[in-house]
Amino acid sequence: EDGHQLWLRSHQAAPVKVVTTAKNSAVLATARQELQQGWQGNPGATVTLTLRKDKAIKYDGYRISPTGVQASTEAGLLYGVFELLRRQQTGQTAQADLSNPSYEYRLLNHWDNPDGSVERGYAGQSIFWRKDSSFVTTNRDKVRWREYARANASVGINGAVINNVNASPKILSAEYLARVKAVADELRPYGVKTYLAVKFSSPALLGGLKTSDPLDPAVVKWWQSKAKEIYRQIPDFGGFLVKASSEGQPGPQDYGRTHADGANMLADALKPYHGLVMWRAFVYSPTDKDRAKQAYNEFVPLDGKFRDNVIVQVKNGPVDFQPREPFSPLFGAMKKTSVMPEFQITQEYLGHSTDLAFLSTMWEECLQSDTYQAGPGSTVARCTDGSVYPQKHTAMAGVANTGLDRNWTGHDFAQANWYAFGRLAWNNQMKSAQIADEWLKLTFAGATGSAASATTDSNWNTNFLAPVKQMMLDSREAVLNYSMPLGLHHIMSATRGHYGPGPWWAPPKMRADWTPGYYHQASENGVGFDRTKAGSDAVSQYHEPLASQLNNPNTCPDEYLLWFNHLPWDFKMKSGNTLWNELCAHYDKGVQQARQFQRIWDQTQPYVDAERFAAVQNKLRSQSGNAVQWKDACLLYFQQFSHMPIPATVEPPMHTLEAVIADDMRPQR
Ligand code: BDP
């Protein structure tokens, strides 16, 4: 029980007869095989896979019934099969149902480098690239890529960008493309398309041209012939993901061109092959006053100027994957452009693969946020899935948390985030409680080797499923409480790769917008970033009535308070507490929650195999230590400014500020 099987644990299958009207294809063969491997229904039953056009079925959607699946694409049949099996395994009734994906493209973004390292990866080396840069595709590679593709298909993910957005130009060289083709060949039978992140200056760096100016004819030609070269080998290649004019990456602005000029040039090169360009809106410069405003300022004026095979890829929040951010104001504001959300599955800012944080609740919160851009109910979900605006393409991306670790994701519970991402990309109205419920049943039921099963054993339901599900649902808020409550953000340690606290970090000459002080603004006057009309006025990028609500500290929700306001330490909160006391209470609560998670898990021992029980127990122990560090460090750091006592109800610090800072300076990972 090393977790390698993810939520796809093997089952004793009952015999089943598969009948199909579809022509034989690789994807259909996969669907058939999955049924035969996993059938839990009546032994000897006949299941029919019907391929037929049906107006009610969108993209790769499907209809299922206890006796079969109907879809208009082979991938739809495969997804229907996985749903049928999921229902059997989780004890849901297999009543007739129609299911359409919310988004046409559901992609993982791998920040994997050609040398095998993974940027912000906490689960080992890349599954796609090897350090020794040997391009020999081994049988082990192929098996792993197929297992990976199968896991994706089981939750409806249909695309993978297999290299880092901070892209190396050599990814487009002939020898790397051969490896890309090898990957694509293994992902294809599972309906997963392969994409690449490209470096905008590749024509100069790789092609030897004098410039990479998107309006230069030689540059245009270079990309056209590169596209041709790629599609010759990979006819169903998905397209390019581009990080340009962002964090030092080259881009169209280096040549005085706009993001639209750059994106459109690449889009034209891919158009003959139906390829897509996902152009990231993650842009900010150190000279602007408020980083949170910049993507909006740059991209809104370009609305309507992008080719129809461009999708603008927007991080969920306006800054950078913080544990909690308000939604990016670009959602709903770009009305004539395809816009897609990007979430971070890997836990860069939420405790790496040490802390347990079920991110589904975070994504659900973002997707269900109301932008009001087209009246009440214009949620981020509806503004990006085509319900509000007639987007040509719809998509959702997640920065993957996978690596060569035996359990794929480092923390066994981090698998749930991969799972949840796929489920929400398929259905952006899904509730986190249901996702957690499914994942726990699929991943842990029957794992002790006993007869314990999700459907029949009420002890398992009461003593394992219920408390562990609650722990998952509370886990992200717990991380917030002990790290960045009340709208605090970007105050993590830089020396330890964003793990642990670091509100003090400010090396000389460091870019201000990369230091925590820029964000927390703590002084004797108070704490928080003033983004009200009197401050940076970021609030005005939101639609009314939201803008006014956020602009006033008395109506701004507590969870965004210090994101939008700079407030005195004795500011009176809705609870009646002073801001300082409220801050102390949150940090303390986070620590207590982490402790409680340890207790909950300890109680589950009879229901979990020894290996995963011990692995999770160890992680939770470290997480508690991390929570205490965060609490002690932040309270002692901020106390230097508030000069107020830590309330007696709060567990007193067990570290000194000096000790935590010294520890932070000693790189640990
Ligand atoms: C930041 C990461 C950095 C990424 C960047 C991005 O720290 O490693 O390159 O996001 O999304 O959060 O491009």
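Everything numeric here is computed off the predicted structure, so don't read it as measured data.

**Student:** Could you clarify how one ought to interpret the overall build of the protein chain in this entry?
**Tutor:** Of the regular secondary structure elements, the protein chain holds 19 helices and 13 strands. In summary, the protein chain has a C-alpha radius of gyration of 25 Å against a globular reference of 26 Å for 669 residues, a match within 12%. Sequence separation of at least 24 residues holds for 70% of the intrachain contacts in the protein chain that already meet a minimum separation of 6.

**Student:** Just to check I follow, could you spell out the site of the ligand for this structure?
**Tutor:** Neighbouring residues of the ligand: E119, R120, V165, N166, K243, E247, F282, D320, F321 and E348. For the shell around the ligand, the residue count by class is three nonpolar, one polar and six charged.

**Student:** What exactly am I supposed to notice about the packing of helix 9 (residues 360–367) against helix 12 (residues 432–444) here?
**Tutor:** The axes of two packed helices give the description: the angle between them and the distance between them. In contact at an axis separation of 9 Å, helix 9 and helix 12 are set at 150 degrees when each is read in the N-to-C sense. With respect to helix 12, the axis of helix 9 lies roughly antiparallel. Where helix 9 crosses over helix 12, the handedness of that crossing is right-handed. Across from S360, T361 and E364 in helix 9, the residues of helix 12 making contact are S432, I435 and A436. The residue inventory of the contact of helix 9 with helix 12, partitioned by class, reads two nonpolar, three polar and one charged.

**Student:** I'm lost on the sheet that holds strand 6 (residues 105–109) in this one. Help?
**Tutor:** Adjacent strands of a sheet pair through backbone hydrogen bonds, lying either parallel or antiparallel. Taking strand neighbours around the barrel as the criterion, the eight strands line up as 6-7-8-9-10-11-12-13 in a closed arrangement whose pairing is parallel. Geometrically, the sheet is characterised by an average inter-axis angle of 25 degrees between neighbouring strands, direction not taken into account. Sheet analysis places strand 6 next to strand 7 (residues 159–161), joined by three bridges and oriented parallel. In the strand pairing of strand 7, L107 is matched with G159. The strands touched by helix 7 (residues 259–270) within the sheet are strand 9 (239–242), strand 10 (276–280) and strand 11 (310–315), with strand 10 carrying the most contacts at an inclination of about 160 degrees.

**Student:** Explain the pairing of strand 6 here, please?
**Tutor:** Of all five residues in strand 6, five are buried, a share of seventy percent or more. Here strand 6 shows a buried face lined by Y105, L107 and N109 and a second buried face lined by R106 and L108. The pairing of strand 6 with strand 13 (residues 395–399) spans five bridges and is classified as parallel. Paired with L108 across the strands is G398, a residue of strand 13.

**Student:** Got a minute to help me understand the packing of helix 6 (residues 217–233) against helix 7 in this structure?
**Tutor:** The interhelical angle for the contact between helix 6 and helix 7, taken along N-to-C directions, is 40 degrees, at an axis separation of 8 Å. As judged from the angle between their axes, helix 6 and helix 7 are oblique. Where helix 6 crosses over helix 7, the two elements pack in a sense that is right-handed. Two secondary-structure elements touch here, helix 6 through V220, W223, Q224 and A227 and helix 7 through M265, L266, A269 and L270.

**Student:** Just to check I follow, could you spell out the domain arrangement of the protein chain for this structure?
**Tutor:** Along its sequence, the protein chain is carved into domain 1 (16–99), domain 2 (105–444) and domain 3 (485–529 + 566–665). Relative to domain 2, the C-alpha centre of domain 1 lies at a distance of 29 Å. Each partner contributes residues to the interface: domain 1 has twelve residues there, and domain 2 has eleven residues. Looking at the side of domain 1 that touches domain 2, the elements with two or more residues in it are helix 1 (26–38) and helix 2 (74–90).

**Student:** Where do I start with the pairing of strand 2 (residues 45–51) in this structure?
**Tutor:** Every regular strand shows the same layout, with side chains that alternate between the two sheet faces. As judged from the five bridges shared by strand 1 (residues 16–20) and strand 2, these two strands associate in the parallel manner. Looking across to strand 2, one finds that K17 is bridged to T46. In this view, the connection linking strand 1 to its parallel neighbour strand 2 by way of helix 1 has left-handed handedness. With four bridges joining them, strand 2 and strand 4 (residues 68–71) adopt parallel strand pairing. Looking across to strand 4, one finds that T50 is bridged to Q70.

**Student:** In this structure, what is going on with helix 7? I would like to understand it.
**Tutor:** Counted at 1.5 Å a residue, the expected span for helix 7 with its twelve residues is 16 Å, and the 17 Å between its end C-alpha atoms agrees. Among the twelve residues in helix 7, ten count as buried, and that is most of the element. Within helix 7 the residues assigned to the buried category are H259, A260, G262, A263, N264, M265, L266, A267, A269 and L270. Of the surrounding elements, those touching the buried residues of helix 7 are helix 6, strand 9, strand 10, helix 8 (294–299) and strand 11.

**Student:** Just checking my understanding: could you explain the sheet that holds strand 5 (residues 97–99) for this structure?
**Tutor:** Strand order in the open sheet made by the five strands is 1-2-4-3-5, with mixed pairing throughout. The sheet is open, and its two edges are formed by strand 1 and strand 5, each paired on a single side. Across the sheet, the axes of successive neighbouring strands diverge by a mean angle of 15 degrees, strand direction being ignored. Across the face of the sheet, helix 1 comes into contact with strand 1 and strand 2 while running at roughly 160 degrees to strand 1.

**Student:** Would you mind showing me how to read helix 12 here?
**Tutor:** Residues that lie three or four places apart on an α-helix share one face, since the helix turns once every 3.6 residues. The terminal C-alpha atoms of helix 12 lie 18 Å apart, and with 13 residues this matches the ideal 18 Å at 1.5 Å per residue to within 8%. Counting buried positions along helix 12 yields ten of 13 residues, so the element is predominantly enclosed. Looking only at helix 12, the buried set comprises S432, I435, A436, E438, W439, L440, K441, L442, T443 and F444. Against the buried residues of helix 12 lie helix 2, helix 9, helix 11 (415–426) and helix 13 (458–483). Phi turns positive one or two residues past the end of helix 12, at G446, with a value near 75 degrees.

**Student:** Quick question: what am I supposed to make of the nonpolar core here?
**Tutor:** Soluble globular proteins: nonpolar side chains tend toward being buried together. Grouped together as the largest cluster of nonpolar side chains are 198 residues, with contacts concentrated most on L266, V277 and V312. With twelve residues, the single largest contributor to this core is helix 18 (residues 610–642). Each residue touching V277, except ones within four places of it in the same chain, is listed here: G239, F240, V242, A263, L266, A267, L270, N309 and V310.

**Student:** Please clarify how the environment of K572 should be interpreted in this entry.
**Tutor:** Of note, K572 is situated in the loop between helix 16 (561–564) and helix 17 (579–603). You can call K572 partly exposed: it has 14 C-beta atoms within 10 Å. In sequence terms K572 and K431 are 141 residues apart; their C-alpha atoms lie 34 Å from each other.

Rules and cut-offs
Residues numbered from 1 in each chain as written. Predicted model: local features only at pLDDT ≥ 70, side-chain atom pairs only at ≥ 80, totals over all residues. Helix = DSSP H or I, 4+ residues; strand = E, 2+ residues; numbered from the N terminus. Rg over C-alpha atoms; globule rule 2.2 N^0.38 Å. Contact = placed C-beta atoms within 7 Å. Near = placed C-beta within 6 Å. Nonpolar A, V, L, I, M, F, W, Y, C, P; charged D, E, K, R; others polar. Axes fitted to C-alpha atoms, helices over the stretch in contact; angles between N-to-C directions. Parallel < 35°, antiparallel > 145°, perpendicular 65-115°, else oblique. Left-handed = near helix turned anticlockwise from the far one by under 90°. Pairing = 2+ DSSP bridges. Buried ≥ 20, exposed ≤ 12 C-beta atoms within 10 Å, placed from the backbone. Domains from an automatic or database assignment. Right-handed = clockwise from strand over helix to strand, strands pointing away. Expected span 1.5 Å × (residues − 1). Core = buried A, V, L, I, M, F, W, Y, C linked by C-beta atoms within 7 Å.

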